[in-house]
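# Coordinates in review
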Amino acid sequence: QKEVEQDPGPLSVPEGAIVSLNCTYSNSAFQYFMWYRQYSRKGPELLMYTYSSGNKEDGRFTAQVDKSSKYISLFIRDSQPSDSATYLCAMSGNNAGNMLTFGGGTRLMVKP
Amino acid sequence: GAGVSQSPRYKVAKRGQDVALRCDPISGHVSLFWYQQALGQGPEFLTYFQNEAQLDKSGLPSDRFFAERPEGSVSTLKIQRTQQEDSAVYLCASSLARRGAFTDTQYFGPGTRLTVL
């Protein structure tokens, strides 16, 4: 079993829909939680990061962390076709270098 | 102001050949990471440098994999005697963050897509 689990999708939604993406994890040492977006043949780019439990909002994106349930979510409001990409959750603890442990990614398609 | 760059972008190797993948991090970034991303999977950690020191190589899958960063900037990931299971995208990331301090983002390059025939 992987440390971080993520539904691979694909998830197909109409433009304007609210999208919910989530990950579960098993390592209670994780303290930092991130969401990356990866377009085809590109490197991941950071969307959101959260320290410990709680919510964080940035424009159309909201990240939630529930450490008691070992569950994190990313919500995208008013989804756009340009949001079509693979979304990767990533986590790190206070380990040396803060290397990231990624989920497998969820492929999102927003249809016009 | 350029981001992380990697070369070559695509590499095709015959099984048994040696390959070298290059990463140019963002200028001034202390930390440098290598990740391996298999098709349809998330990236997996390979190794980490702080300046020229390789502080963690626990993710390297075998002794055929070797990474260096001799002057604390450019890094090279070398794979000897490539095997088909080495086919993947190799991502490099850099950050300002020093050891134990999550003070900055890891910025990723576009990756090198390695195909071993």
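Please refer to the structure placed before this passage.
A brief report on the enclosed structure follows. These numbers were taken from a predicted model, which means no experiment stands behind them.

## Quick word on the nonpolar core
Core analysis: the biggest nonpolar cluster contains 24 residues, and Trp35, Ile72, Leu74, Ile76, Tyr87 and Met91 of chain A have the highest contact counts within it. Those elements that provide at least two residues to this core are β3 (19-25), β4 (32-38), β5 (45-51), β7 (61-66), β8 (71-76), β9 (85-92) and β11 (106-111) of chain A. If we skip the residues at most four places from it in the chain, Ile72 of chain A touches Leu21, Asn22, Cys23, Tyr25, Phe33, Trp35, Gln64, Val65, Cys89 and Met91 of chain A. Grouped together as the second largest cluster of nonpolar side chains are 20 residues, Leu32, Leu77, Ala88 and Cys92 of chain B included.

## Concerning the pattern of salt bridges
If you walk through the whole model with that rule in mind, you get six salt bridges over all chains. For Asp83 of chain A, the salt bridge goes to Arg60 of chain A, with nearest N and O atoms at 2.9 Å. Of the two residues, Asp83 of chain A sits in the loop between β8 and β9 while Arg60 of chain A sits in the loop between β6 (54-58) and β7, which places them 23 residues apart along the sequence. Arg60 of chain A sits in the partly exposed class, given a relative accessible area of 25%. Residue Arg64 of chain B is joined to Asp86 of chain B by a salt bridge in which the shortest nitrogen-to-oxygen separation is 2.8 Å. Within this pair, whereas Arg64 of chain B is found in the loop between β6 (53-56) and β7 (65-68), its partner Asp86 of chain B is found in the loop between β8 (75-79) and β9 (88-95), the two being separated by 22 residues in sequence. Judged by relative accessible area, Arg64 of chain B falls into the buried class, the value being 12%.

## Examining the packing of aromatic side chains
Enumeration according to the criterion identifies 12 aromatic pairs over all chains in this entry. Ring plane angle 85 degrees and centroid distance 5.5 Å describe the contact between Tyr36 of chain A and Phe108 of chain B, whose orientation is recorded as edge-to-face. Here Phe108 of chain B lies in strand β10 (residues 107-108) and Tyr36 of chain A lies in strand β4, a pairing that spans two chains. Judged by its relative accessible area of 1%, Tyr36 of chain A falls in the buried class. The structure contains a cluster of three or more aromatic residues connected by ring pairs, namely Tyr36 and Phe102 of chain A together with Phe33, Tyr35, Phe45, Tyr48 and Phe108 of chain B. A cation sits over an aromatic face here: Lys56 of chain A above Tyr49 of chain A, 4.3 Å from the ring centre.

## A look at the interface of chain B and chain A
Quoted interface sizes are often the accessible area lost when the parts come together. Contact residues are listed per partner, giving 22 residues for chain B and 21 residues for chain A. Across the chain B/chain A interface, buried area totals approximately 1800 Å², and carbon plus sulfur atoms make up 57% of it. Joining chain B to chain A, the criterion identifies zero salt bridges. Elements with a contribution of two residues or more to the side of chain B that touches chain A: β4 (31-37) and β5 (44-50) of chain B. Residue contributions to the side of chain B that touches chain A peak at three residues, all from β4 of chain B. Its residues placed into classes, the side of chain B that touches chain A shows 11 nonpolar, eight polar and three charged.

Cut-off values and rules
Think of each chain on its own: its residues are numbered from 1, step by step along the sequence as written. Chain A is the first chain written and ligand 1 is the first ligand written, with later ones labelled in order. Only residues with pLDDT of at least 70 are given local features in this predicted model, and only at 80 or more are side-chain atom pairs given and counted; all residues enter the totals for whole chains, interfaces and linings. Hydrogens and water molecules were not included; the side-chain quantities draw on all heavy atoms of the structure. Nonpolar core, defined: a set of buried Ala, Val, Leu, Ile, Met, Phe, Trp, Tyr and Cys residues in which side-chain atoms within 4.5 Å join the residues together. Accessibility here uses a 1.4 Å probe with only protein chains present; expressed as a share of the type maximum, an area under 20% marks a residue as buried, one over 50% as exposed, and anything in between as partly exposed. The helix count covers DSSP runs of H or I at least four residues long, the strand count covers runs of E at least two residues long, and both are numbered beginning at the N terminus. Here a residue-residue contact requires only that any non-hydrogen atoms of the pair lie within 4.5 Å. Any Lys or Arg side-chain nitrogen found within 4 Å of a carboxyl oxygen on Asp or Glu counts as a salt bridge. Only Phe, Tyr and Trp rings are paired, with Trp represented by its six-membered ring, and only when their centres lie within 6.5 Å; those with planes under 30 degrees apart are stacked, over 60 edge-to-face, the remainder tilted. Here, a charge over a ring means that NZ of Lys or CZ of Arg falls within 6 Å of the ring centre while also lying within 35 degrees of the ring normal. As a working definition, buried area equals the accessible area (1.4 Å probe) given up by two parts on being put together, with both sides summed. Any residue outside Ala, Val, Leu, Ile, Met, Phe, Trp, Tyr, Cys, Pro, Asp, Glu, Lys and Arg is labelled polar, Gly included; the first ten of those are nonpolar and the last four are charged.

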